[in-house]
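# Residue-level structure breakdown
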Amino acid sequence: QVQLVESGGGLVQPGGSLRLSCAASGSIFVIYAMGWYRQAPGKQRELVAAITSGGSTNYTDSVKGRVTISRDNAKNTVYLQMNSLKPEDTAVYYCNAFLRIGPLAQPYDYWGQGTQVTVSS
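Quantities reported herein were computed from a predicted structural model and do not represent experimental measurements.

### Let's talk about the side chain of threonine 115
Looking at the secondary structure, you find threonine 115 in strand E11 (residues 115–119). Of the residues examined, threonine 115 reaches a relative accessible area of 12% and is grouped as buried. Beyond its immediate stretch of four places on either side in the chain, threonine 115 contacts Glu6, Gly9, Leu20, Ala91, Val92 and Tyr93.

### A word on the packing of aromatic side chains
Under the counting rule described, the total for this entry stands at three aromatic pairs. Ring centres of tyrosine 32 and phenylalanine 98 lie 6.1 Å apart, and the angle between their planes is 45°; this geometry places the pair in the tilted category. Here tyrosine 32 is found in strand E4 (residues 30–39), whereas its partner phenylalanine 98 is found in strand E9 (residues 91–100), with 66 residues between them in sequence. Positioned above the aromatic ring of tyrosine 79, the side-chain terminus of arginine 19 is 4.2 Å from the ring centre. A cation over an aromatic ring shows up here: arginine 45 above the ring of tryptophan 111, its NZ or CZ 4.8 Å from the ring centre.

### Things to note about the state of the cysteines
All told, the structure shown has one disulfide when counted by the stated rule. Between the sulfur atoms of cysteine 22 and its disulfide mate cysteine 95 the distance is 2.0 Å. Judged by the sign of its S-S torsion, about -80°, the cystine formed by cysteine 22 and cysteine 95 is left-handed. Linking cysteine 22 in strand E3 (residues 18–26) with cysteine 95 in strand E9, this pair joins segments that are 73 residues apart in sequence. Taken as a pair, cysteine 22 and cysteine 95 share a single burial class, namely buried.

### Here's the deal with the pairing of E4
Bridge analysis of E4 against E9 gives nine bridges, and the strand direction is antiparallel. Along E9, the bridge assignment pairs glycine 35 with asparagine 96. Where E4 lies against strand E5 (residues 46–52), six bridges are found, and the strand directions are antiparallel. Looking across to E5, one finds that glycine 35 is bridged to alanine 50. Here E4 folds back onto E5, and the loop between the two strands holds six residues, one of which, glycine 42, carries a positive phi near 80°.

### What to know about the side chain of asparagine 96
Tracing the backbone shows asparagine 96 in strand E9. Classification of asparagine 96 as buried rests on a relative accessible area of 6%. At 3.2 Å, the side chain of asparagine 96 forms a polar contact with the side chain of aspartate 109. For asparagine 96, the residues in contact, after removing those within four places along its chain, are Leu4, Ala33, Met34, Gly35, Tyr37, Asp109, Tyr110 and Trp111.

Basis of the calculations
- Residues numbered from 1 in each chain as written.
- Predicted model: local features only at pLDDT ≥ 70, side-chain atom pairs only at ≥ 80, totals over all residues.
- Heavy atoms only, no water.
- Helix = DSSP H or I, 4+ residues; strand = E, 2+ residues; numbered from the N terminus.
- Buried < 20%, exposed > 50% of the residue type's maximum accessible area, 1.4 Å probe, protein only.
- Contact = heavy atoms within 4.5 Å.
- Phe/Tyr/Trp six-rings, centres within 6.5 Å; stacked < 30°, edge-to-face > 60°.
- Lys NZ or Arg CZ within 6 Å of the ring centre and 35° of its normal.
- Disulfide = S-S within 2.5 Å.
- Pairing = 2+ DSSP bridges.
- Polar contact = N/O pair within 3.5 Å; in protein donor to acceptor, adjacent residues only side chain to side chain.

Don't take any of this as a statement about function, it's just geometry.
Structure (structure tokens):
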């Protein structure tokens, strides 16, 4: 059983900052990549940022320069530092981990329950 627990969402004014955290726990053999996705009302879920175990990162164009993803491999935790937030960043943010639960298991995507980020004055 694998759990991803997110924290750090909330209401922030435009131009403000938030830091999201996501800790993975349970029967984990290895985590290959972790990331953050978001889904706004009426829209499809989209990748915000992702990071591999080696530290390579990928960002969607709309957040480049404003968002930084980081990871603590020892704690199986991923962070998303979001600055200069805009109303269009409002969405439910989901943590994702691509991992194996055992040496012979197939890697699989696991998801957190989501945390609401609202950017509004």
